[in-house]
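One-letter residues, chain by chain:
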Amino acid sequence: MTHEIYAFLRGPMVWISLTVFLGGSVYRLASMWRLAKKKDAVIFHYISVFYSLRSLLHWVSPFGSLNMRKNPAMTVIAFIFHVCLIATPVFLSAHVILVKESWDISWWWMPDHMADLLTVIVIGCCLFFAGRRIKRPDVRYLTSVSDYLILAAIAAPFITGLWAYHQWPAFSAMMLLHMASAEILLMMIPFTRLNHMLFFPFTRGYMGSEFGAVKNAKDW
Amino acid sequence: MVKNKIISYTAVFSVFLLILTVAAFSTDYIETVDDSAFEKKTRPPAAFFHDAHNETAGIDDCSVCHHLYEDGQKTDDMSVGMECSECHMSAPEDSAADLIRAYHLQCGGCHMEQKAGPIMCGECHRKN
Ligand code: HEM
């Protein structure tokens, strides 16, 4: 039975989740594009690569925007969180080795103890974000159940992956949960708040061009 | 009398030789795969009780693993006595990833096909 589930999660399910993720992303970006054309067609006249990149660059640098300078602790944590969140799965030895097995391509991978550290940081950040939502009245006011569910969905592949790597009890079941939860997370990206990953460059392009080309002002 | 002695000495010596040869080619001592080409191992050694494995898995043909190719075609001959890395990490462009891939495809590939035997990292690279 384990062999069948593993084969499914390792084979067809990878394609299904990649298709939903990529197809969903293209769909979301296309409908946003259509909406912009309908509601705010003038943006296409002044949208500029220079101002877009200028804004993007400021927003991806630590303390590159005023908002970040106002909230230094949150900024540091959010930056570390996002770097670990992306870097861990991409440069994890096990992931690169699996890709190598399937498609015969590979790239640099990080030492496993480093992956462990980054994983623990991500889990810690998820706990911190959840705690913040519970403790701070202003944030709590803006919080719905779905915010907690999204945090849990992000933490799940990290907790199960760490578990499987260290071969803690019932790790092979945990391995299957890991693959399933990761594939679910991937499919959630285009359709939940996680889509800021897709929209971020465009939000910056929009704001950057508006402020740069039209208002002659900074948007950071 | 002398003839008898010679016969028994020869017999004892032959048995001794036989044991020596068997011992030299014995694979019963192998409990893990330990390819010398990996500069440093990052995982616990991969469990592999050579003889017991091949007996329970019912593999009689050594060339299933110790294979030999000629012009890209697999032959019936075998490469017993060679490490996998002697061929699978021999080209200058080959990396450790290529050697790992060879092991994983051969070992894990068969386990997947037969729906028996370990398939997950921790089932082969056992911590204890
Ligand atoms: C198709 C999807 C995926 C598959 C098949 C997969 C498979 C694996 C495997 C085989 C391991 C290693 C267990 C070991 O070394 O014994 C692992 C570990 C891990 N994976 Fe994934 N994974 C997938 C997606 C993801 C995603 C999307 C994330 C994060 C967003 C993720 C995060 C992790 C983490 C944090 C670890 C543990 C690293 C450590 O503690 O050293 N995985 N995964």
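Higher on the page you've got the structure.
A quick note: this is a predicted structure, and the numbers were derived from the prediction, not measured.

**Student:** I keep staring at the packing of helix H6 (residues 72-90) of chain A against helix H8 (residues 112-135) of chain A and nothing clicks. Help me out?
**Tutor:** The relative placement of two packed helices comes down to the angle between their axes together with the axis-to-axis distance. Residues and elements named next belong to chain A. Between H6 and H8, the least distance of the axes is 9 Å, while the angle of their chain directions is 135 degrees. Between H6 and H8, the interaxial angle falls into the category oblique. The crossing of H6 and H8 is left-handed. Two secondary-structure elements touch here, H6 through Met74, Ile77, Ala78, Ile80, Phe81, Cys84, Leu85 and Thr88 and H8 through Ala115, Leu118, Thr119, Ile121, Val122, Cys125, Cys126, Phe128, Phe129 and Arg132. Here the contact of H6 with H8 is built from residues that sort into 15 nonpolar, two polar and one charged.

**Student:** I would appreciate a short explanation of the interface of chain A and chain B in the present structure.
**Tutor:** Of the residues lining the interface, 21 residues belong to chain A; the matching set on chain B comes to 20 residues. At the boundary of chain A with chain B, total buried surface from both sides reaches about 1,800 Å², with 62% on carbon and sulfur atoms. It is His3, Glu101 and Gln167 of chain A that lose the most area in chain A upon contact with chain B, and together they represent 34% of the buried surface on that side. Note that Arg101 of chain B and Asp104 of chain A form a salt bridge whose closest N and O atoms lie 3.7 Å from each other. At the level of elements, helix H1 (2-10), helix H7 (93-103) and helix H11 (171-188) of chain A are the ones that each hand at least two residues to the side of chain A that touches chain B. Taken together, the residues of the side of chain A that touches chain B sort by class into nine nonpolar, seven polar and five charged.

About the criteria used
Residues numbered from 1 in each chain as written. Chains lettered and ligands numbered in written order. Predicted model: local features only at pLDDT ≥ 70, side-chain atom pairs only at ≥ 80, totals over all residues. Heavy atoms only, no water. Axes fitted to C-alpha atoms, helices over the stretch in contact; angles between N-to-C directions. Helix = DSSP H or I, 4+ residues; strand = E, 2+ residues; numbered from the N terminus. Parallel < 35°, antiparallel > 145°, perpendicular 65-115°, else oblique. Left-handed = near helix turned anticlockwise from the far one by under 90°. Contact = heavy atoms within 4.5 Å. Nonpolar A, V, L, I, M, F, W, Y, C, P; charged D, E, K, R; others polar. Buried area = accessible area lost by both parts, 1.4 Å probe. Salt bridge = Lys/Arg side-chain N within 4 Å of Asp/Glu carboxyl O.

Taken by themselves, the reported measurements are silent on function.
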